[in-house]
Each structure stands twice: as C-alpha cells, then as structure tokens.
Amino acid sequence: MVGRQIENRGINNQPTLDAMLAVPRHKFVPPNLLERAYNDGPLPIGFGQTISQPYIVAYMTAAIDPEKEFKVLEIGTGSGYQAAVLSEIVSDVYTIEIITELYNSASERLRGLGYKNVICKNADGYYGWKDFAPFDAIIVTAASEYIPPPLIKQLKDGGKMIIPVGSPFLNQTLILIEKEGEDITTTSLLPVRFVPFTRGN
Amino acid sequence: MKNDNAHLVRLSVSLALLSVSIIAFQLVLIQILSIVQWYHFAYMVISVAMLGFGAAGTFISLFSKYLLNKTDKLLPWLMVITSLLMSVSVTISQTSLFSFDSYLLFADISHLWKLIATYMIFLLPFFFGALSIGLIFVKHVEKIGSLYFANMVGSGIGGVLAVGAMWWFFPEKLPAVVATIALFAGLVIIPKHLRPGFSIIVAATVAALSFFYISSPSLNVSEYKSISKTLNLPGTKIIKRVSSPYGTIEIVSTPYLRYAPGLSIKYPGMVSVNNAAFNNGDWLGPLISSESDSLKYIAYSTEMIPYVIGKRTDVLVLGSGTGRQVNIALLNNTENVIAVEPNKALLNLLSGDFSNEVDSIYNKPSVQIRNISARTFLQASHAKFDVITLPIIGAFGGTSGMFALQEQYLLTTEAFGEMLSNLKDDGIIGITTWIDYPYRNPLKITAAFAEALEQNNNNPIEHIAAIKNWNTITFAIKRTPFKEEEIKVIREFCNKMNFDPVILPGINADEREKFNKLQDKSLYTMIDKILASPEEREKVYSEYPFNIKPAVDNKPYFSQFLKWKSISQLAEFFGNQSVPFFEVGYILLYLTFILIVFFALILIILPLVKIGWKGGNNFWALIYFSGLGTGYMFIEIIFIQRFTLYFGNLIYAAAAVVSLMLISSGFGSLLSQKLQAKPNRIIGIISFIVIALIIYTVILPSLLKTTIIFTLPVKIIFTALLIAPLAFFMGMPFPLGLRMLSERNESQVPWAWGINGLFSVISVVLATIIAIELGFVWVMIFAAAAYSLALLINLKQN
C-alpha cells in the first residue's frame with residue numbers, strides 16, 4: 001500500500017511513510033470490509049462517515065510537516081486511523097469526536113492498540129481544546145463549511161491547519177491554513193498527483 | 001343484456017378504483033423513496049418497478065387460455081393480493097435486509113443486491129395490479145373503449161387524490177390508505193356465489209391493512225442525507241414534522257449546528273447555533289434569529305457584497321426558503337423585501353408555529369411573500385429591484401451529482417436575462433457558489449451571465465465582480481457597468497475580510513491570490529477566457545472535460561457536468577472507484593435505461609414463443625403500440641415541464657396537467673367505442689395528433705411566455721383549451737388499435753397491451769436522456785416522430 005499508493009504519488013516525508021507502514025489499517029475498518037482495508041479508496045464506517053483513502057491520510061499528515069515534539073489537534077476522530085498515524089510521529093495527539101458512538105469505538109480501539117499519546121474527547125469540535133492550546137498543527141477531518149474562529153486562535157504562530165473538502169467518497173481538495181502573526185492565508189491543495197486536472201488535456 | 005350492462009358497469013368501477021390506487025401508489029412510492037434516498041433516484045426505482053405492467057402483458061400472453069377462462073374468479077383475488085402487496089412491499093423494503101443506500105452502491109457491493117431486491121419487491125404490486133387490468137382489457141376487448149375510459153379517468157383521479165392525501169397523511173401511512181382503494185376495487189367484482197367465502201379473506205385483509213397503517217414502517221433514511229448527519233449530533237431531535245405534497249418538512253433542534261457560508265477567517269466572534277429545516281431529509285436552511293443570537297458574523301461573509309457596494313431599498317429574494325437571505329436584507333436596513341418561495345408548507349410553518357425562530361420575518365410589513373416558483377415570478381413581474389439574491393448553489397463538499405437530473409429553471413441563461421431586466425440601473429444580482437474541484441459551478445455561472453449580458457449588448461467584463469474566500473465565490477452582476485468608486489469599495493472589503501477578488505474590472509493577477517491561493521490556477525485562466533469573447537468561450541465549452549455550457553430553458557440541467565468522453569480521463573486522475581461519485585444521478589440514469597431496455601426486450605420477445613414469430617400483425621403491433629406508448633408519454637412529460645413553469649407550482653400543476661390529459665383521453669377512448677376500428681379512421685386521428693404536435697412544438701413556448709401574466713382562472717381555461725382537445729384525440733388510437741388487432745388475431749392483444757406499457761416505462765427514462773443531451777424540444781419532436789411511425793405503419797396496412 002505505502003509504496004504503490006503513497007510513495008509513487010510523490011509523498012516522500014519519511015516519518016509519514018514510516019507511520020503509514022506501522023499502523024494496522026485493517027484494525028480501523030468495519031469487519032465486513034476487512035478484505036478491502038488496504039484498497040486505494042475510502043471506506044464507509046457508518047454514521048455517514050468514512051475512513052479516508054490511505055493516500056489522503058498520508059497527504060494530510062505530510063502537509064503539516066509533522067515533527068517529533070509536535071502537539072496536534074484533530075477535529076473528527078472518526079475511526080481513529082488518522083490519530084493513530086499522527087501518534088506514530090508526534091508527541092501528543094488530541095482528538096475530538098462529536099458523535100458519541102464513533103467516539104466510544106475509536107477511543108476503545110486506540111486504547112486497545114496501545115496508542116497512549118492519543119487523548120480523545122467526546123465534544124463539539126467548534127471550540128477546539130483550550131486546555132491544551134496552542135497547537136502546532138490542527139487537522140479538521142469533520143466537514144466544516146467555515147473555519148471555527150476558536151480553532152484559528154488555538155493554532156500556534158507559524159502553525160498549520162488542514163481541512164479536506166469533498167463528498168464522503170471523493171476528496172477533491174485539501175485546504176492548508178497558515179498563520180504568521182496576524183497574517184492568515186489559505187491554499188487549496190490538490191492531492192491528485194499534484195497535477196492540475198485540466199493540465200492533462 | 002341488462003346483466004351484461006350491470007357487469008360492465010361493475011367492471012368499469014372496479015377498474016377505475018384499481019387505477020386510482022395504482023397511480024396513487026406510484027406517487028406515494030416516489031415520495032417515500034425521495035425521503036429515504038433522492039428524488040430522481042426514486043423516479044428510477046419506480047421506472048423499473050413499472051416494468052410490472054409489461055411483465056403482466058407477457059404473462060397473459062403466455063398463459064392466456066387458463067387466465068381468460070378463470071378471469072371472473074381470479075380478478076378479486078388479484079386485486080386483494082395487489083392491495084396487500086402495496087402495503088407489505090413498503091414495510092419489507094425498509095427492513096435492514098433490503099434497505100439500500102444509493103451512496104454506497106459503488107462502494108459496497110451488498111447494496112447493489114439490495115437495490116435489485118428492492119426493484120423486485122416493488123415490481124410485484126405493479127405486476128398483480130397490471131395483471132388485473134390486462135385481463136379485463138383482453139377478456140372484454142370489444143368494450144375496450146369504455147374500459148380504457150375507466151382506466152384513464154381512474155388514473156387521472158388517482159393523481160389528484162394522492163396529492164391531496166399528502167396534506168393529511170405522513171408518507172409511511174399512505175401505502176395502507178392507497179391499498180384500501182385496491183381492496184375496494186376487488187370487492188366490487190366478487191361474483192355473487194363467492195361472496196360468503198370471500199368475506200373471511202376481506203376481513204383478514206382489512207385487519208392486515210389496519211395493522212400496517214397503525215404500525216407503519218419507520219423510514220430508513222440514507223446515512224449520507226443531510227438530516228441523518230445532523231441527527232447524529234448528540235441532543236439533536238426532530239421537533240416538528242409536517243407532511244405535504246411538497247415533501248415532508250422536518251424542523252430539527254440541535255445544540256451544535258452552525259451555518260456560516262462564506263465566513264471570513266478574520267471573524268473574531270462566535271457563530272450562533274441554529275435550528276434547521278429539512279425537506280425530505282435534504283437541507284433547506286437554518287432558522288436564524290437576531291433576537292436570540294448575535295448575527296454579527298453575517299457581516300463577515302462574501303454574501304454581503306451587494307450591500308457593501310451601496311444602499312439598498314428594494315430586495316428580491318428568490319427561493320427564500322428558511323429566510324436567511326431575507327434576514328440578511330433586513331439586517332442591512334432594506335425597506336422592502338419580496339420573498340419568493342414555492343413551498344407552501346414551509347411558509348405556513350415559518351409564518352406560524354416557528355415565526356419567532358426566524359424573527360417573524362414572514363409576518364413583517366416590510367416583507368411580502370409570493371408563494372410561487374421564482375422563475376414564474378420573474379417572468380410575470382415588472383418591478384425593479386436594487387438587489388436580487390438566489391440560494392447558494394450546490395452544497396459544501398459537493399453532492400456527488402445526486403441533483404444532476406434536476407431541472408433548475410432559476411439557473412438558466414434566460415432566467416439570468418430576466419433577472420437583469422428586473423434590476424434598477426444600479427441594481428445587483430448576488431449569487432454564491434461553493435468552490436468545487438475540478439472547477440465546474442463557478443465556470444458555468446460566469447458563462448451563463450456572460451451570455452445573458454451579451455444578449456443585452458453588454459460587455460460582461462464591465463458588469464461582473466466576484467470575490468472568494470477559501471471555499472466560496474460570491475458573484476455580483478450589475479445591470480450597468482461597475483463604477484470606479486464601487487470597484488474601490490469591493491477591494492477595501494476584500495482587504496478587510498481576507499477575501500480575494502476573482503473577477504473585477506481592471507483586476508491584476510496578484511490580487512486574486514493575496515489571501516486564498518489555489519494550487520490549480522486554471523480557474524482564473526478559464527474565467528478570463530469565458531469573459532474574453534464568445535469565440536474563446538465556445539472553445540472552452542468544447543475543450544473543458546466537463547459540461548460548463550450554461551443551462552437553458554430547453555436543457556435546464558445546471559448541475560449536469562459530466563461528459564462521457566472525459567470519463568477515462570477522470571478515472572486516470574481520481575481513480576476508477578471515484579468516477580461514479582462525480583455524478584451519481586447521471587450514471588444511474590443510463591444504468592436504469594440499459595436495465596429497462598434489457599428486461600423490456602425479454603418481455604417483448606418471450607410471448608412470441610407462444611403466438612409465433614411470424615405473422616402479418618406482429619410487426620404492425622410492435623411498431624404501432626410502441627409508437628403510441630412512446631408518443632403519449634413524451635407529450636405528458638413535455639406538458640408537465642411546460643405547464644409547471646407556467647403556473648409556478650410543480651406539484652399542483654403536474655397533478656392537474658396529468659389528470660386533465662388522462663381524463664380527456666378517457667373521454668376520447670369512450671367515444672372511440674362508437675367508431676369503427678379501421679386503419680382509415682386511425683390514420684385520420686393520428687394525422688391530427690401529429691399536425692397538432694408540430695404546431696405545438698413551434699408555438700407553445702412563446703404562447704405560454706406571452707400569457708404567463710394572465711390571471712390564474714384565465715390561465716387555467718387557456719391550459720384546458722390547449723391540452724384537452726389534443727389529449728381527447730390521443731385517447732383514441734390505443735383502444736381502436738386493440739379492437740382492430742382482436743378482430744385479426746385475438747392472441748396478440750395481451751402482447752400488444754404489454755408493448756404499450758413497456759414503451760411507456762422506457763419513454764419516461766428516455767425522455768430525460770433526450771432532454772439532457774438534446775433538449776426538451778427534441779422530446780416533442782420525437783413524440784411527433786413516434787406517432788408518425790404509428791401512422792406510417794397503418795398507411796402500409798391500408
């Protein structure tokens with residue numbers, strides 16, 4: 001999976017590649033879809049949510065340039081897979097899930113798999129997690145048509161936030177938000193081979 | 001003789017009742033499937049299920065001897081079974097074993113099997129119902145004119161009744177109600193000697209239907225629908241649910257839902273929590289109120305652009321929904337707002353029980369409500385406005401093309417032209433869209449306004465401004481060219497809010513990327529080309545991998561972007577698994593068509609084993625009855641399309657048009673009973689229909705456009721005059737043809753009836769394909785061609 005789906009598409013951030021190799025993705029997918037756990041696509045996990053395509057998870061992880069001492073906040077735990085990948089690289093992962101059932105299953109799964117540096121909370125991600133702010137990076141995997149102002153405040157100066165945009169089975173773009181003092185800029189990134197679609201014409 | 005007449009009357013009443021229930025059941029199923037899935041998807045499930053009609057024809061052909069011998073005994077049984085199946089099928093389809101999710105069809109194979117099982121489940125009530133109708137027709141073919149009259153009139157009444165019943169009953173209760181009518185149909189024709197024994201069966205059926213009514217199934221709504229996602233939030237619940245022909249409206253109370261499209265990243269405060277409204281599980285909008293929440297965030301949105309540029313007195317809000325845009329206008333001190341919203345049930349709620357939750361906007365003296373479709377309002381109005389706003393286009397993250405087949409008359413070039421002419425000199429149209437990728441919506445909007453402006457001899461570059469944040473673009477289209485001062489204000493607003501101008505007279509490349517950068521900058525180059533000249537624009541239309549040519553009234557499918565020739569390219573870039581999710585609706589349309597044609601062919605060929613492959617009448621019957629089935633259905637679809645726009649109310653206009661057509665055709669059929677079934681007669685009638693269709697193709701659109709301003713009673717009389725005479729004659733060729741065929745070879749009658757049914761079903765899907773690919777005018781032309789074929793085959797016979 002890592003070589004063919006991720007490295008071949010240009011992701012060369014070594015900690016990300018190592019983390020993707022280390023996390024057993026099949027432990028995060030529903031039992032009826034086990035045989036497709038390492039397929040090159042997202043899978044449904046119930047409640048209208050998906051576990052993202054491996055490549056997208058890797059892309060988002062690499063996009064925040066994760067470092068060992070990083071403190072990362074994730075909004076939308078889902079299956080817990082993204083949190084597990086991050087936990088292999090950074091020192092602390094704080095993850096918030098609003099849907100109680102998903103929170104219960106993900107936190108239990110992460111605990112069972114021994115991801116001790118992941119702290120889960122069942123709450124509204126809008127407010128972020130003030131107690132542990134500021135964060136070096138924030139990943140917002142829960143669909144959000146606007147960027148909650150508290151999250152901007154909780155992002156460290158020089159920090160990065162990333163938001164995937166797309167329907168459940170089709171992530172088309174990733175929005176990278178960078179904060180430098182008062183200056184906040186966004187960049188719409190294309191995970192698709194880094195090549196603008198229309199250039200293929 | 002007297003007995004015969006009494007029998008015919010009872011048979012006709014039974015047939016009419018059964019027809020009422022079958023049409024009503026069809027409409028109820030569409031409503032239920034629209035709630036659990038999506039409207040157009042519902043439409044397709046029904047199309048496949050309607051193959052039950054063709055299957056019944058085939059079944060009668062194959063087993064005619066046995067069935068026709070026992071018809072009188074069988075009919076009550078068949079109708080009772082139909083009644084039971086109507087109720088049971090809905091309940092079974094909602095169990096976890098069968099309940100499918102159209103979103104998962106391409107992600108989880110088990111849902112494909114569930115979909116096929118659902119087709120089969122819904123096919124059964126139609127099969128048994130159609131079997132009853134077919135047996136009556138075939139057994140009493142000499143009286144086909146009168147019987148077909150009962151069938152048509154019953155169907156016509158069924159449509160109206162179902163629409164009315166939707167105000168009174170929730171959709172999940174309706175199958176049992178409709179099934180009761182089918183039961184009555186059976187009761188009317190129980191032979192005397194069977195009545196004592198049958199009473200037990202009837203009692204048991206009544207008990208079963210009562211059970212299904214009281215413990216109606218809970219609808220298994222797709223987990224990917226907006227309402228399901230909202231209800232997943234803790235502490236969220238439905239606080240009000242009302243049923244109406246516009247669909248089921250749900251008001252959801254939630255401690256977590258915040259809605260702030262186009263919000264500036266600079267906004268420092270809080271976004272308030274709102275309750276929200278949903279229609280058939282699809283997002284309608286938030287209920288926002290300045291009394292209970294701070295609405296300061298609204299001033300930090302790209303949507304504010306029309307109000308930033310100048311003072312606004314008169315605002316027109318098209319598709320006002322839950323009133324968010326009305327509230328924005330009022331917060332900007334607008335003096336007069338006209339809110340146009342076709343959904344009566346929603347307006348009742350927001351001006352009644354939930355008035356306080358939306359600042360009582362719909363009860364304010366400064367707000368006038370128009371309960372009509374936005375497009376009809378535009379065509380009929382001569383008022384001038386400072387601002388015209390439209391609902392946000394698309395949904396955040398996209399809809400996976402679930403709405404690709406939706407006719408959107410508010411987003412056609414003609415509609416944009418009408419909006420421009422409804423503006424004051426300094427007036428502005430405000431329209432916001434999500435930024436999708438690959439870029440589609442913003443390009444199509446730019447192209448549509450460019451064309452609309454050019455049609456008014458304006459240079460688009462001077463009249464269009466657009467600004468973006470990280471995920472939305474708001475367009476401001478001005479009737480007169482933007483002034484220097486206005487351009488300056490837009491730039492200042494962008495700088496203050498971290499927005500970037502995308503289109504602005506005198507724009508430079510750098511300012512487009514100051515705050516919100518795009519890795520794929522082709523959005524700008526494409527927009528520039530679209531605005532540069534008609535020639536450049538045409539080049540973009542043909543070269544771009546998606547269909548971004550503006551929607552027009554003839555092809556009002558704004559959200560249809562997929563081009564077949566680009567599919568391999570999409571697969572290469574996004575992966576095979578992703579391709580269907582670009583436009584699920586469009587892909588499913590073609591899949592349904594292939595499926596229907598495949599089964600229809602089998603059902604047409606199968607009876608030939610029994611009635612023989614050769615024979616002079618086979619070819620005639622195939623061409624004649626397929627022509628009639630196709631022609632009739634195409635015209636029905638065209639009339640629904642034309643007249644719903646004319647009346648501005650989709651539900652009532654569609655029900656009225658279809659009922660008027662069917663009942664008029666019923667009378668035509670009744671009269672045909674007195675005519676001789678000869679080719680000459682048929683040729684004369686069909687010639688009249690073809691000539692009328694050619695005339696209608698040419699004059700109908702302009703005729704309706706000119707008379708749209710007339711008062712409602714005048715419009716109703718005018719519509720009746722246009723539809724009834726044509727439909728009257730359209731009701732004759734089918735019964736005349738069946739009678740003619742029965743005189744030549746009786747065994748072919750059920751086959752011919754089945755062909756007519758099968759082609760009616762195929763035509764519903766085919767008409768949508770033709771409308772999308774070629775336009776509605778071509779549906780009308782094909783209708784005339786289908787009738788011409790039926791004409792030619794008779795000329796040959798003659």
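Residues numbered from 1 in each chain as written. Chains lettered and ligands numbered in written order. Predicted model: local features only at pLDDT ≥ 70, side-chain atom pairs only at ≥ 80, totals over all residues.

Draft legend 1. Region of the structure containing the domain arrangement of chain B. All names here are of chain B. Its domain assignment divides chain B into domain 1 (1-220), domain 2 (225-257 + 262-391) and domain 3 (607-798). Taking only C-alpha atoms into account, the centre of domain 1 sits 24 Å from that of domain 3. Every contact between the two is made by 30 residues of domain 1 and, on the other side, 33 residues of domain 3. Contributing elements (two or more residues each) for the side of domain 1 that touches domain 3: helix H3 (51-62), helix H6 (110-139) and helix H7 (144-168). (Domains from an automatic or database assignment. Contact = placed C-beta atoms within 7 Å. Helix = DSSP H or I, 4+ residues; strand = E, 2+ residues; numbered from the N terminus.)

Draft legend 2. Summary view of the interface of chain B and chain A. Opposite the 47 residues of chain B that make contact, chain A presents 39 residues. Only helix H10 (226-231), strand E13 (516-518) and helix H21 (567-574) of chain B provide two or more residues apiece to the side of chain B that touches chain A. Here the side of chain B that touches chain A is built from residues that sort into 24 nonpolar, 16 polar and seven charged. Inspection of the sheet shows strand E9 (residues 183-189) of chain A paired to E13 of chain B by three bridges, in the parallel sense. Directly across from serine 188 of chain A, in E13 of chain B, lies its bridge partner leucine 518 of chain B. (Nonpolar A, V, L, I, M, F, W, Y, C, P; charged D, E, K, R; others polar. Pairing = 2+ DSSP bridges.)

Draft legend 3. View of unusual backbone geometry. Look at the link from alanine 133 of chain A to proline 134 of chain A: it is a cis peptide, with omega at 0 degrees. Its location among the elements puts proline 134 of chain A in the loop between strand E5 (118-122) and strand E6 (135-140). Backbone torsion omega between tyrosine 437 of chain B and proline 438 of chain B reads -5 degrees, so that peptide bond is classified as cis. Note that proline 438 of chain B resides in the loop between strand E9 (423-434) and helix H16 (441-455). Notably, asparagine 333 of chain B is not glycine yet its phi reads approximately 60 degrees, a positive angle. Take asparagine 333 of chain B: it is sitting in the loop between helix H12 (324-331) and strand E6 (336-340). Judged by the 11 C-beta atoms lying within 10 Å of it, asparagine 333 of chain B is exposed. (Buried ≥ 20, exposed ≤ 12 C-beta atoms within 10 Å, placed from the backbone.)

Draft legend 4. Highlighting the sheet that holds strand E12 (residues 500-503) of chain B. Residue and element names in this part refer to chain B. Read from one edge of the open sheet, eight strands run E7-E6-E5-E8-E9-E11-E10-E12, paired in mixed fashion. The open sheet terminates on both sides in strands that have one partner only, identified here as strand E7 (367-370) and E12. Each adjacent strand pair in this sheet contributes to an overall mean axis angle of 20 degrees, direction not counted. As defined by bridge partners, E6 adjoins E7 across four bridges and the pair is classed as parallel. Residue pairing across strands places valine 340 opposite arginine 370, the latter belonging to E7. On top of the sheet, helix H18 (residues 484-497) reaches strand E10 (464-468) and E12; it is set at about 135 degrees to E12, its chief contact. (Axes fitted to C-alpha atoms, helices over the stretch in contact; angles between N-to-C directions.)

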